[in-house]
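Now for the letters of each chain:
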Amino acid sequence: MQCQECGKRPATLHFTKIVNGEKTELHICESCAREKGELIPGTQSGFSIHNLISGLLDFETSGAGAMAKQQAAIKCEICGMTYAQFSKIGRFGCSHCYKQFAERLDPLLKRVHGNTVHVGKVPKRAGGRLRTKREIDRLKKEMQGRIEREDFESAAQLRDRIRELEKDMSG
Amino acid sequence: MAIRKYVKHALSEWMDAAGATDSDVVISSRVRIARNLRGMPFPMMATPAHSSAVADQLLGVAESGRLNGLGKLEQIRLTELTELEKLVMVEKHLISPNLANESRGGALILSSKEDISIMINEEDHLRIQCLSPGFQIRETWDRATKIDDIFEEQVDYAFDEKHGYLTSCPTNVGTGIRVSVMMHLPALVMTGQINRILTAVTQVGLAVRGLYGEGSEATGNLFQVSNQITLGQSEQEIIENLYQVAKQMIEHERAARGKLFADNRPRVEDRIRRSYGVLSQAIIMDSKEAAQRLSDLRLGVHLGLMPELNDRTLNELLVATQPGFLQITYGEAMNPDDRDRSRAQFIRSRLATHS
């Protein structure tokens, strides 16, 4: 089969597109696919998640006002990435960017994940404080349950344990 | 240089497991964990000095012997590989296209069974990937999280109390995990139910993409279902959500196969035996036709209509008929016409050894 675009090279890529229920088939060669910006399986070209994110961010920074311009100029003091760059490529330059762009970040995360706060795994060493915090939350719930069951003695034990943990955290 | 085992054999050792759970529908399960080192720019913004420091530090964990419990491991710097070797490893899903084509200071820690692939300086500093045959996402996660723990004993991760594990792309932040299953859904495609099901699946926070193909008409009826959300759900919730949805898809596919077979047995049988005939005899076979006909054979195996074949051969053919692999088998630099002839030849010879 010849390429439908150039009619010279053999078609090596076969696409089926369904747009609004209408099906079109496309049989083209690799170089024409690249020109047309079609996704080639196994390569990085074509539309990617990063394009999608930058689309979402564009939507936020596209306002022509002074605010938008100010936003775009925010620069990460560690890696030097600007917000404008980030919104173009959809990827952060370093972990500090999360702090630097914090203000703009939550609306984006909300749109991507529906959430803004991590509730999963915590690393043993780097996440010591968070582990303790979660343990305190867990103990408080447990204590509440015991109070409701009028098991005051064991609730008091939990209260003491919570105090200890809270002291550790502030100390 | 001798051709490495992982380039020579299309079938990874981990795939060579007969009777894996739900393997009539699920070909493989995968868990990928993304992590970054604290205080280091992400690979995209890294200087060569940063990248090599990251690679040294992470490869150092393997060298320290702490990963020895995982079996025999090989450390590979991407610069040691030829373009063709990289392509083949992408086709086997041992490395990502990103690591193969775009990484600087990229490296890999690979288990000899090829069920563990630890990528360094990909989009993130560290990407731990574990693969299993059949439907085993819980077990695969258990393996991956243990490897994550071993690394965390040795290196400081970029972790934030609010946003969790920080990743280069905001779509991975939080847990940093991507869990996926590769499913073969020919009966749902044939009975026209697939679009309805895929739409439903995407509405519960999961993503579906065709493997070796585009959109809802994946070539070879292979679909990869994975979690989309990484933030605000725990790993267990993410895995459980995917588990339950995939389980239902498996049941729907089985029901559709049963109905197809009961209502149209001669037609189904004819289609499968025709594909077998074509694959056993054809001189030219393009990748699209190969994928579709191999899908027919796989369906045939699980309907009990292809006693002369098994999943093992089909899994091997899936990889062996990819462009990179054909070049390895039949010599360098092929044009697409050569490739279609080589593909036909490889399939013919493989099927012949079975009859």
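Up top you'll find the structure we're talking about.
On a predicted model such as this, the values are computed, not experimentally measured, just so you know. (Residues numbered from 1 in each chain as written. Chains lettered and ligands numbered in written order. Predicted model: local features only at pLDDT ≥ 70, side-chain atom pairs only at ≥ 80, totals over all residues. Heavy atoms only, no water.)

Student: Explain the overall build of chain A to me, please; I cannot follow it from the model alone.
Tutor: Scanning chain A from terminus to terminus reveals eight helices and two strands. When the elements of chain A are put in sequence order from the N terminus, they spell out β-β-α-α-α-α-α-α-α-α. Of all 171 residues assigned to chain A, the portion counted as buried reaches 37%. Look at the contacts in chain A between residues 6 or more apart in sequence, and 30% of them connect residues 24 or more apart. Accessible surface for chain A amounts to roughly 10400 Å². Of this, 51% is attributable to carbon and sulfur atoms. (Helix = DSSP H or I, 4+ residues; strand = E, 2+ residues; numbered from the N terminus. Buried < 20%, exposed > 50% of the residue type's maximum accessible area, 1.4 Å probe, protein only. Contact = heavy atoms within 4.5 Å. Areas by Shrake-Rupley, 256 points an atom, 1.4 Å probe, with all protein chains shown as cover.)

Student: Got a minute to help me understand empty space enclosed by the protein in this structure?
Tutor: Rolling a probe over the atoms, with the probe sized like a water molecule, indicates the empty space that remains. All names here are of chain B. One pass over the full model with this rule turns up two cavities of 30 Å³ or more. Size it by volume and the largest cavity reaches roughly 70 Å³. As for the largest cavity, its lining consists of His-184, Gly-220, Leu-222, Ala-291, Leu-294, Ser-295, Arg-298, Leu-314 and Leu-318. At the level of secondary structure, the elements contributing two or more residues to the lining of the largest cavity comprise helix 9 (287-302) and helix 10 (311-320). Top contributing element to the lining of the largest cavity by residue count: helix 9, with four residues. (1 Å grid on protein atoms, 1.4 Å probe; cavity = no way out; pocket = protein on both sides within 12 Å on 5 of 7 lines; lining within 4 Å. Points joined across faces, edges and corners; volume = space filled by probe spheres on them.)

Student: I tried to follow the interface of chain B and chain A on my own but got confused; where do I start?
Tutor: Many descriptions give the size of an interface as the accessible area lost when the pieces come together. Across the contact, 54 residues belong to chain B and 50 residues belong to chain A. With both chains or domains summed, chain B and chain A bury close to 4400 Å², and 57% of this area falls on carbon and sulfur atoms. In this structure, the connection of chain B to chain A is made through six salt bridges. In this structure, A:Lys121 engages B:Asp148 in a salt bridge whose closest nitrogen and oxygen atoms are separated by 2.7 Å. Linking chain B to chain A there are 19 residue pairs in polar contact (both at pLDDT 80 or more). Taken together, the elements giving at least two residues each to the side of chain B that touches chain A come down to helix 4 (97-102), helix 5 (137-154), strand 7 (164-165), helix 8 (235-281) and helix 12 (336-352) of chain B. Element by element, the count of residues in the side of chain B that touches chain A is highest for helix 5 of chain B, at seven residues. Looking at the side of chain B that touches chain A residue by residue, the class counts come to 19 nonpolar, 18 polar and 17 charged. (Buried area = accessible area lost by both parts, 1.4 Å probe. Salt bridge = Lys/Arg side-chain N within 4 Å of Asp/Glu carboxyl O. Polar contact = N/O pair within 3.5 Å; in protein donor to acceptor, adjacent residues only side chain to side chain. Nonpolar A, V, L, I, M, F, W, Y, C, P; charged D, E, K, R; others polar.)

Student: Help me out: how do you make sense of the pattern of salt bridges in this one?
Tutor: Proximity of charged atoms lets side chains of opposite charge pair with each other. Residues and elements named next belong to chain B. Scanning the model with the defined rule gives 38 salt bridges over all chains in all. For Arg-254, the salt bridge goes to Glu-251, with nearest N and O atoms at 3.4 Å. Taken together, the residues span about one helical turn, with Arg-254 and Glu-251 both in helix 8 at a distance of three residues. Judged by relative accessible area, which is 29%, Arg-254 ranks as partly exposed.

Student: Teacher, can you tell me more about the nonpolar core here?
Tutor: Looking at soluble globular proteins, one finds that nonpolar side chains tend to be buried together. One finds B:Leu67, B:Ile95, B:Ile118, B:Phe151, B:Met183, B:Met249 and B:Leu297 to be the most contacted residues of the largest nonpolar core, which totals 101 residues. The element best represented in this core is helix 8 of chain B, accounting for 15 residues. Excluding its chain neighbours within four sequence positions, the residues that come into contact with B:Ile118 are B:Leu67, B:Ala107, B:Leu108, B:Ile109, B:Leu126, B:Arg127, B:Ile128, B:Ile147 and B:Phe151. Among the nonpolar cores identified, the runner-up in size contains 19 residues, and A:Cys79, A:Tyr83, A:Phe101 and A:Leu108 belong to it. (Core = buried A, V, L, I, M, F, W, Y, C linked by side-chain atoms within 4.5 Å.)

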